[in-house]
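Residues per chain, in single letters:
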Amino acid sequence: MPDVERRTAEVLTQLRPRLLVGAAASGADLVVLDAARSSGLGVRVVLPFDAATFRRTSVRDRGPVWCDRYDRLIGSLKSGELEILGEVEDGEVYHRTNTRLLERAARLRLIPAEEIVVLVLRPVGPYRASVTDDLVDKAKEAGLPVVEVSTLG
């Protein structure tokens, strides 16, 4: 994971975003948010439901290391850096949340010309459609550039 974290930090340095908007699931979400915080960037964490439910549904199954990272991130957020959407926990919640993440990023622009770039780290392993794939598809449909950080070697 250190190589992925380094590559993520390098991409953020190249992009120089003003703000990073994302969820905080184990893996890619937390890697990107941690890199943003380490770089001094502003963050807005958008969760479909309360932090404890999100931890149970999107972090806990990956083990205590990810739970600790999640808890540190959530505990460090200042007022205005965490948004709870109030979604219903069902099979489509993360796909709806992807749509709302992109909408939120558009609303947080300081000026209409401010560019939104979607930064993703795709899961490694046997291919199956993922929530990340859904986000990439929605970004492309909206005409947004997608930057992918390699998670391999």
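All of these numbers come straight from a predicted model, not from anything done at the bench.

How each quantity is defined
Residues numbered from 1 in each chain as written. Predicted model: local features only at pLDDT ≥ 70, side-chain atom pairs only at ≥ 80, totals over all residues. Heavy atoms only, no water. Salt bridge = Lys/Arg side-chain N within 4 Å of Asp/Glu carboxyl O. Helix = DSSP H or I, 4+ residues; strand = E, 2+ residues; numbered from the N terminus. Buried < 20%, exposed > 50% of the residue type's maximum accessible area, 1.4 Å probe, protein only. Contact = heavy atoms within 4.5 Å. Polar contact = N/O pair within 3.5 Å; in protein donor to acceptor, adjacent residues only side chain to side chain. Pairing = 2+ DSSP bridges.

Details of the pattern of salt bridges
According to the stated counting rule, one finds 13 salt bridges in the structure shown. Residue Arg6 pairs with Glu10 through a salt bridge whose shortest N-O separation is 2.9 Å. Of this pair, Arg6 and Glu10 both sit in helix 1 (residues 2–15), four residues apart, which is roughly one turn of the helix. Residue Arg6 is classed as partly exposed on the basis of its relative accessible area of 41%. Classification of Glu10 as partly exposed rests on a relative accessible area of 39%. Here the salt bridges do not stand alone but share partners, grouping Glu87, Asp90, Arg96 and Arg100 into one network.

Comments concerning helix 6 (residues 131–141)
When we look at burial in helix 6, the residues that qualify are Thr132, Asp133, Asp134, Leu135, Val136 and Ala139. Those residues of helix 6 hidden inside the fold are in contact with helix 5 (93–107), strand 4 (118–120) and strand 5 (146–148). Two or three places before Thr132, at the opening of helix 6, Ser130 has a side-chain oxygen 3.2 Å from that residue's backbone nitrogen. At the exit of helix 6 stands Gly143, carrying a positive phi of roughly 75°.

Notes on the pairing of strand 2 (residues 42–47)
Counting buried residues along strand 2, five of its six residues qualify, which places the element largely inside the surrounding structure. Alignment of strand 1 (residues 19–22) against strand 2, held across four bridges, turns out to be parallel. When the sheet's bridge partners are listed, Gly22 is paired in strand 2 with Val45. Sheet topology places strand 2 next to strand 3 (residues 82–84); three bridges connect them, and they run parallel. Of the residues in strand 3, the one forming a bridge with Leu47 is Ile84.

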